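Structural features, examined
Each chain, written out:
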Amino acid sequence: MEKKILHITNGSSLTNYLNDLNYKGDFLTWHEMLCEGPANRLINTDAFIKVRKDFLNEFYNIDVNIEEYKKELQKLDAIDTYSEIILWFEYDLFCHLNMMAVISLLNERKIKLPISLVCSGRIAHEENLKGLSELTPEQLDTHYKSRIPLTKKDIDIAVNIWQIYCGKDHNLLKKYITKKSSFEYLGCCLKAHLERFPDAKNGLGALEQNILTLIDTYEVKSKHHLLGYALNYQGYYGFGDIQLLRIIDKLAIFYNEEKDSITLNRKGHEVLLNHHNYASEINDNMIYGNVNRLDFQFNKQENKLIKTILHGD
């Protein structure tokens, strides 16, 4: 029996798109958002599934169907029926942390098949970075044909990054920002990750800073309108609606919401001028892997995370 390709995609919309275009092989769809919430280094465990299920339910009221989740991963049990694995992930932090986890899982399962990567981002003659589902069939085919084989060094980098993310010292990620690998956008994603910790001066993460700057710059009519701006101008984060809406709600102390407008209040202007550190008032206690974001602040001058004064022992 001829062996098939196993495609591991970043979500259902892409899996459906590839199926519609008659890409040959089997599909494992990765349904996760590991850029937020706690995560264990070992993925192929009940403990990992439980910690993710509890987080997604508590923060986003998402009820994970564990049986469906396990059924998808069970496709790896038939790994002997495949000739190669193709990863389909995008240029942003959301996708890259999921991809690091997937590669770590394959390594954990001692899967030795050739692995290649189809990664979207910059497109010739296009102004904005593009997600895979945004590509035309012709653009997608070009990406597929020029997919990048991952080397042992690439695999080791991905496994190391996942282990660091699930550890206590995210400054260890810094050396991978400039390290050469087949992951073209990895440096930008890791830099974006460190910058989402509260800034040492005003207590805003990069996404929070950006959202308040959007309110200050544009005539924003509603939260839905603001969400549209935030989705389009978030750079290398790749966050979805529910993630950005949670942040917008956390920032409510900085803006006035009226019938047809959202405008910065006094605190909003003060925080953008770095007059005060508002991290404790925002109180966004999101966990990244194994680190609570409130335990650290990002120091732009030193270009690293430093422990907050309350946790500086």
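Everything in this summary refers to the structure shown in the same document.

Rules behind the numbers
- Counting of residues starts from 1 at the beginning of each chain's written sequence and follows it residue by residue.
- Local features in this predicted model are restricted to residues whose pLDDT is 70 or higher, and side-chain atom pairs enter the listing and the counts only when it is 80 or higher, whereas totals over whole chains, interfaces and linings include all residues.
- Side-chain numbers come from the whole structure's heavy atoms, not from hydrogens or water.
- Buriedness for pockets is judged along seven lines, at least five of which must meet protein on both sides within 12 Å for an open set on the 1 Å grid over protein atoms alone, while cavities are sets there where a 1.4 Å probe fits but cannot get out, and lining residues have an atom within 4 Å of a point.
- Grid points are joined across faces, edges and corners, and a volume is the space filled by probe spheres set on the points.
- For the purposes of this entry, the term helix denotes a DSSP run of H or I that reaches at least four residues, the term strand denotes a run of E that reaches at least two, and both are numbered from the N terminus.
- Three labels apply to residues, based on accessible area from a 1.4 Å probe with only protein chains included: buried if under 20% of the type maximum, exposed if over 50%, partly exposed otherwise in between.
- One requirement defines pairing of two strands: DSSP has to find at least two bridges between them.
- A clockwise path from the first strand over the helix to the second, with the strands pointing away from the viewer, defines a right-handed crossover.
- Only heavy atoms enter the contact rule, under which two residues are in contact if any of them lie within 4.5 Å.
- Inter-axis angles, ranging from 0 to 180 degrees, are taken between N-to-C directions of lines fitted to C-alpha atoms, where helices are fitted over the stretch in contact.
- It is the directions from the helix axis to the C-beta atoms that the arc portrays.

1. Here's the deal with empty space enclosed by the protein
For the structure shown, the criterion picks out one cavity of 30 Å³ or more. Here the largest cavity defines a volume of roughly 80 Å³. Residue lining of the largest cavity: Glu36, Arg196, Gly205, Leu207, Glu208, Phe239, Arg246, Ile247, Asp284, Tyr288 and Arg293, and that is the complete set. When residues of the lining of the largest cavity are traced back to their parent elements, those giving at least two are α8 (206-217) and α10 (241-250).

2. Things to note about the pairing of strand β4 (residues 82-89)
Taking burial as the measure, the eight residues of β4 include seven buried ones, the bulk of the element. When strand β1 (residues 4-9) meets β4, the two strands line up parallel, connected through six bridges. Paired with His7 across the strands is Ile86, a residue of β4. With respect to chirality, the unit in which β4 leads through helix α4 (residues 93-108) into the neighbouring parallel strand β5 (residues 115-119) is right-handed.

3. What to know about the sheet that holds strand β10 (residues 291-292)
One open sheet accounts for three strands, arranged β3-β9-β10; its pairing is mixed. Single-partner strands in this sheet number two, and they are β3 (37-38) and β10. Of the pairings in the sheet, the one linking β3 to strand β9 (residues 287-289) comprises two bridges and is parallel in character. Looking across to β9, one finds that Gly37 is bridged to Tyr288.

4. Examining the sheet that holds strand β2 (residues 26-29)
Spatially, five strands are ordered β2-β1-β4-β5-β6 in an open sheet, and the strand pairing comes out mixed. The outermost strands of the open sheet, each flanked by one partner alone, are β2 and β6 (148-149). In terms of strand pairing, β1 meets β2 through four bridges, oriented parallel. Paired with Leu6 across the two strands is Asp26, which belongs to β2. Packed onto the sheet, α4 meets β1, β4 and β5 and runs at close to 160° relative to β4.

5. Focus on helix α9 (residues 223-232)
Listed in full, the buried residues belonging to α9 are Leu226, Leu227, Tyr229 and Ala230. Axial view of α9: buried residues confined to an arc of 160°, hence all on one face. Exposed and oriented more than 90 degrees from the buried face of α9 are His224 and Asn232.

Limitation: the analysis is restricted to geometry and does not speak to function.
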